[in-house]
Amino acid sequence: MIPLMVAFPLLFGFIIVILDTLRAKKILIKASFILGAVLPAGIFLVGNGREIVGGWSRVAGIEVGIGEINAPFIAGELMLFTVVAFYSLSYFDFRDKKTAKALVLFLLMHAGLLGAFLARDFFNFYIYMEIASVSAFALVAFSEEPGSKKAAFKYLILSLLASYLFIFAIGVIYMETGYLNVELVAENALPSRELSTALGVAFASLLLKAGIFPLHGWLPDAHSKAPTPVSALLSGLVVKAPAYGMILLFSALPVGESLKTAAMMVAVASIFFGIVMALLQKDAKRLLAYHTVSQMGYVLLGIATFNFIGAAYYALAHSLFKGGLFLSVGSLGTRSRKLGEFGYRNAPLMAFSVLMLSLAIGGVSPFIGSYAKGLISSGLEGGLKWTVLAGTIGTLVSFTKLNYHLSRGETEDLRPSWKLSSLVLALTTLGAGLYLGAGLKPTDVIYIAAAVLTFFGLRALGVFEREVESEAKDVGRDVNVLAAVFVTFMLAVLLLQWP
Amino acid sequence: MKMSTVVRSTTKMISPFLVTYAAYIMLYGHLSPGGGFQGGVILAVAVILLITSHGYKKVRKRFKFNWASLIESSAGAMLVLLGIAGIAFGAFYSNFLPTEGGVIVPFNVIVGLEVGAAFTFVFYILLRWVESD
């Protein structure tokens with residue numbers, strides 16, 4: 001039954017292409033899109049456990065399964081994708097011929113992400129992650145904003161470079177152990193130089209695809225230039241697939257202490273780099289994109305400390321609130337996305353959702369962010385616990401800035417479905433937090449107060465006046481620089497594991 | 001772009017054989033080297049050869065752009081349906097046909113159609129940019 005979760009979006013994707021070629025009625029296309037988006041959720045609720053596609057043996061077959069580590073990933077995917085599906089039906093309004101194609105790409109991304117999260121072997125994980133990425137490149141290029149084609153190109157080249165190195169690493173793993181299945185690899189893997197090389201290459205390429213600090217260069221452009229529902233999916237879900245891949249890698253291969261420490265340091269650097277860059281942004285969607293860099297740092301922190309459940313729940317929490325934030329900020333700022341030029345002053349419902357989502361991303365209880373952050377920091381020791389705390393305050397400062405600017409501007413017509421989707425996601429973050437048992441913590445009031453004070457302090461000092469990193473002009477040079485950074489980083493990871 | 005008479009008559013003669021060969025590779029993919037993908041590529045080559053020798057406009061009149069799209073998408077849908085049909089016999093893509101090769105034969109044929117149509121489709125789209133004829 002589990003493979004049907006991938007089969008339904010694919011099937012309805014093909015059906016939409018048939019209907020579009022035959023020039024069928026819009027309502028039929030819309031209905032098949034919604035069916036493809038929603039049906040996998042039904043199977044998720046029914047099916048459980050693990051199975052091998054086609055009933056082959058485990059050595060030769062493709063194993064898929066839903067377990068406690070990937071269930072949060074899948075739950076987050078299904079919840080966010082359903083909301084984004086309804087949002088995008090009103091966003092792409094069939095005025096041009098492109099709409100049906102965009103919907104097909106959405107379903108392909110849905111199938112790819114579900115397949116990647118269900119996978120229990122490296123090769124299938126790679127294939128499905130690629131399906132999701134390829135549809136993501138095309139969807140970024142769908143945007144009519146200036147610079148979106150360049151952003152998509154940069155994303156395409158860097159992501160493919162990382163993919164090829166990742167498949168090379170999988171080849172080395174297969175050569176060394178004779179298996180692709182994660183558990184069989186784990187049983188047969190003995191520490192060796194080849195395996196640590198494969199681990200280093202695969203780790204570096206997944207870091208690039210997840211957009212974590214030294215390799216994040218493509219992310220802010222791609223995530224901010226994409227159409228709003230696509231931004232929500234990119235930030236909320238597409239960067240989670242490589243994170244799941246890292247969990248698979250770390251649970252199967254012998255990971256040395258040096259690599260673990262390096263991963264932890266990268267995670268901490270990513271958390272603070274993302275926050276500092278977000279504080280200096282004037283473009284609202286770019287601010288959110290830099291927060292993805294920062295939040296993925298927390299996920300990596302969970303993975304680096306082998307706290308896979310914590311990382312999975314953080315990924316779930318991040319998909320919900322970051323998807324919601326992108327949807328709400330994107331719908332508020334249809335005219336301009338510059339901070340201070342738009343806001344929610346005349347849309348109280350939107351204001352309520354954005355405030356709730358901001359509290360959720362800051363890790364304030366009883367939202368789901370607080371539960372996930374608690375899980376992550378429960379696996380950490382002394383010093384690192386304080387970094388999580390400092391990261392929380394930094395995130396809250398940055399979102400105080402966002403809300404400060406939003407509360408002063410006004411917005412034009414908002415469609416009811418846009419308001420509703422933000423509200424649904426905001427309520428989901430609260431509901432999921434309460435369901436998982438995130439209790440009220442009185443200390444959160446102190447953090448919020450500290451964050452607001454810091455914000456006004458920094459504003460008085462004039463930190464927000466400056467803006468870093470304007471538009472890139474030459475894409476070719478950008479790609480060269482980022483590829484050089486990637487290769488250098490990969491070599492550093494490989495040399496770190498020198499015995 | 002229309003090529004010389006020699007090229008045009010040669011491709012006209014070769015194309016039917018290419019289609020036959022593609023069908024052979026698809027149908028015997030489970031016994032001999034080959035399979036759906038390879039058969040599909042050869043199928044697409046038969047069309048692409050005709051396009052390059054006779055010109056885009058002439059071939060497009062016989063083999064329409066929309067047909068390629070339609071064959072491609074319906075083959076994709078059939079592929080998924082074949083897997084779903086296996087659910088009735090125990091597992092997704094279970095081998096439920098009692099014949100030699102089981103579901104691999106229909107699978108290969110469908111993949112061949114899918115790949116052949118998709119390659120033709122891609123070639124048509126690329127030709128739009130070249131602005132041929």
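Residues numbered from 1 in each chain as written. Chains lettered and ligands numbered in written order. Predicted model: local features only at pLDDT ≥ 70, side-chain atom pairs only at ≥ 80, totals over all residues. Heavy atoms only, no water.

- If you look chain B up in an unreviewed UniProt entry, it shows as Cation:proton antiporter from Thermococcus radiotolerans.
- For the record of chain B, the UniProt heading Subcellular location (unreviewed entry) holds the text "Cell membrane". (UniProt positions renumbered as here; feature names shortened; annotations may be inferred.)

- Per an unreviewed UniProt entry, chain A carries the name Cation:proton antiporter and comes from Thermococcus radiotolerans.

## Focus: a nonpolar patch on the surface
And then number 1: Taken together, Tyr21, Tyr24, Leu27, Tyr28 and Leu31 of chain B make up a surface patch of nonpolar side chains, about 520 Å² in accessible area.
And then number 2: Within the secondary structure, Tyr24 of chain B is located in helix H1 (residues 5-27). (Patch = residues over 30% accessible without salt bridge, like charges linked within 9 Å, V, L, I, M, F, W, Y side chains within 5 Å. Areas by Shrake-Rupley, 256 points an atom, 1.4 Å probe, with all protein chains shown as cover. Salt bridge = Lys/Arg side-chain N within 4 Å of Asp/Glu carboxyl O. Helix = DSSP H or I, 4+ residues; strand = E, 2+ residues; numbered from the N terminus.)

## Quick word on empty space enclosed by the protein
Residue and element names in this part refer to chain A.
And then number 1: Going through the model one piece at a time under the given rule, you end up with two cavities of 30 Å³ or more.
And then number 2: Reported here for the largest cavity is a volume of approximately 60 Å³.
And then number 3: Every residue along the wall of the largest cavity is listed here: Leu113, Met129, Ala132, Ser133, Tyr155, Ser159, Lys209, Val238, Ala241 and Pro242.
And then number 4: Counting residues per element, the ones that place at least two in the lining of the largest cavity are helix H5 (122-141), helix H6 (148-177) and helix H11 (240-252).
And then number 5: Considering every element that reaches the lining of the largest cavity, the biggest residue donor is H5, with three residues.
And then number 6: By residue class, the composition of the lining of the largest cavity is seven nonpolar, two polar and one charged.
And then number 7: By volume, the second largest cavity amounts to about 30 Å³.
And then number 8: Along the walls of the second largest cavity sit Leu208, Pro214, Leu215, His216, Gly217, Leu482, Val485 and Phe486, which together make up its complete lining.
And then number 9: Looking at the lining of the second largest cavity element by element, the count peaks at three residues for helix H20 (residues 475-496). (1 Å grid on protein atoms, 1.4 Å probe; cavity = no way out; pocket = protein on both sides within 12 Å on 5 of 7 lines; lining within 4 Å. Points joined across faces, edges and corners; volume = space filled by probe spheres on them. Nonpolar A, V, L, I, M, F, W, Y, C, P; charged D, E, K, R; others polar.)

## Topic: the UniProt feature "transmembrane region" (unreviewed entry) in chain B
Residue and element names in this part refer to chain B.
And then number 1: In the UniProt entry, the feature "transmembrane region" (unreviewed entry) is given for residues 12-31, 37-56, 77-97 and 103-127.
And then number 2: The distance separating the terminal C-alpha atoms of residues 37-56 is 25 Å; by composition the span is 95% helix and 0% strand.
And then number 3: Secondary structure content for residues 103-127 is 96% helix and 0% strand, while the C-alpha to C-alpha distance between its ends is 36 Å.

## Here we look at the interface of chain A and chain B
And then number 1: Contacts between the two partners involve 16 residues from chain A, matched on the other side by 15 residues from chain B.
And then number 2: For the pairing of chain A and chain B, the buried interface totals around 1,300 Å² over both sides, and the portion due to carbon and sulfur atoms is 80%.
And then number 3: Sorting the residues of chain A by area buried against chain B places Leu11, Phe14 and Thr21 of chain A first, and these three jointly supply 36% of that buried surface.
And then number 4: Along the contact surface separating chain A from chain B lie zero salt bridges.
And then number 5: Inspection of the chain A/chain B interface yields two residue pairs in polar contact (both at pLDDT 80 or more). (Contact = heavy atoms within 4.5 Å. Buried area = accessible area lost by both parts, 1.4 Å probe. Polar contact = N/O pair within 3.5 Å; in protein donor to acceptor, adjacent residues only side chain to side chain.)

## Some remarks on the UniProt feature "domain: Na+/H+ antiporter MnhB subunit-related protein" (unreviewed entry) in chain B
And then number 1: Per the UniProt record, "domain: Na+/H+ antiporter MnhB subunit-related protein" (unreviewed entry) is found at residues 6-120 of chain B.
And then number 2: Segment residues 6-120 of chain B splits into 77% helix and 0% strand. End C-alpha atoms: 24 Å apart.

## Overview of the UniProt feature "domain: NADH:quinone oxidoreductase/Mrp antiporter transmembrane" (unreviewed entry) in chain A
And then number 1: Sequence positions flagged by UniProt for "domain: NADH:quinone oxidoreductase/Mrp antiporter transmembrane" (unreviewed entry) are, in local numbering, residues 119-397 of chain A.
And then number 2: Across residues 119-397 of chain A, helical content stands at 77% and strand content at 0%; the span's end C-alpha atoms are separated by 38 Å.

## With respect to the side chain of Lys285 of chain A
All names here are of chain A.
And then number 1: With respect to the helices and strands, the residue Lys285 is situated in helix H13 (residues 284-304).
And then number 2: One buried charged residue, Lys285, remains without a salt bridge, the closest side chain of opposite sign being Glu145 at 5.6 Å.
And then number 3: Once residues lying within four places of it in the same chain are set aside, the contact partners of Lys285 are His223, Ser224, Ala226, Pro227, Thr228, Ser231, Phe326 and Arg337. (Buried < 20%, exposed > 50% of the residue type's maximum accessible area, 1.4 Å probe, protein only. Lys, Arg positive; Asp, Glu negative; His and termini not counted.)

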